[in-house]
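# Observations on the model geometry
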Amino acid sequence: MWLAIGYAIAALVCFILIITIPFGVAALRIGVFALWPFGRGVVKRADAGAGSAIGNVIWFVLCGWWLALGHLITGILLCVTIIGIPLGLANFKLIPVSLTPFGRDIVPLEQAPAQAPQFR
């Protein structure tokens, strides 16, 4: 919950600074995914190009590494209890998309096998 709120605040800041609107959209997508990650997965887009790569480098340097670290720490802490294991595993699932969100889509698991063979 706290990570989703953090993503929402980061998205608002990005929307205020007009040039960073794509980063705000990415933060909102990840924030919604952080609220309810069950039944959805992350797949790489086939049409991602140089713009996505440049955006991912900027994202990684400015905020991606500490977001991934936050998901890692939260996932480990949640996995300490039996009740928290599903949420901890969901936090581990969020690490790749928090590192490099551009060029990835969050899709229902029913659509994921058609888009990426790793979900089969």
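Use the structure listed above.
Residues numbered from 1 in each chain as written. Predicted model: local features only at pLDDT ≥ 70, side-chain atom pairs only at ≥ 80, totals over all residues. Heavy atoms only, no water.

Okay, the packing of aromatic side chains next. Here the structure, examined in full by the defined rule, presents three aromatic pairs. Consider the rings of Phe-23 and Trp-59, whose centres lie 6.1 Å apart with planes at 5°: the pair is stacked. Linking Phe-23 in helix H2 (residues 21-35) with Trp-59 in helix H3 (residues 50-78), this pair joins segments that are 36 residues apart in sequence. Residue class for Phe-23 comes out buried when judged on its relative accessible area of 17%. Between Trp-59 and Phe-102 the ring centres are 6.2 Å apart and the planes differ by 90°, which places this aromatic pair in the edge-to-face class. Here Trp-59 is found in helix H3, whereas its partner Phe-102 is found in the loop between helix H4 (85-99) and strand E2 (104-108), with 43 residues between them in sequence. Judged by relative accessible area, which is 3%, Trp-59 ranks as buried. You can call Phe-102 buried: its relative accessible area is 15%. Three or more aromatic residues joined by ring pairs form one cluster here, namely Phe-23, Trp-59 and Phe-102. (Phe/Tyr/Trp six-rings, centres within 6.5 Å; stacked < 30°, edge-to-face > 60°. Helix = DSSP H or I, 4+ residues; strand = E, 2+ residues; numbered from the N terminus. Buried < 20%, exposed > 50% of the residue type's maximum accessible area, 1.4 Å probe, protein only.)

Moving on to the packing of H2 against H4. The packing of two helices is summarised by the inter-axis angle and the distance between the axes. Contact pair H2 / H4: the axes reach a minimum separation of 11 Å and the direction vectors enclose 180°. Classified by the interaxial angle, the pair formed by H2 and H4 is roughly antiparallel. Residues Ile-30, Phe-33 and Ala-34 of H2 pack against Lys-93, Leu-94, Val-97 and Ser-98 of H4. (Axes fitted to C-alpha atoms, helices over the stretch in contact; angles between N-to-C directions. Parallel < 35°, antiparallel > 145°, perpendicular 65-115°, else oblique. Contact = heavy atoms within 4.5 Å.)

Put simply, the largest pocket is a space of about 300 Å³. Ala-10, Trp-59, Cys-63, Trp-66 and Leu-67 are, among the 18 residues lining the largest pocket, the residues nearest its centre. Every element with two or more residues in the lining of the largest pocket is listed here: helix H1 (2-16), H2 and H3. For the lining of the largest pocket, a count of residues per class yields 15 nonpolar, three polar and no charged. Taken as a whole, the second largest pocket holds about 210 Å³ of empty space. Met-1, Ala-34, Leu-35, Leu-87 and Asn-91 are the residues nearest the centre of the second largest pocket, which is lined by 15 residues in total. (1 Å grid on protein atoms, 1.4 Å probe; cavity = no way out; pocket = protein on both sides within 12 Å on 5 of 7 lines; lining within 4 Å. Points joined across faces, edges and corners; volume = space filled by probe spheres on them. Nonpolar A, V, L, I, M, F, W, Y, C, P; charged D, E, K, R; others polar.)

It is worth stressing that arrangement in space is one thing and function is another; only the former is reported here.
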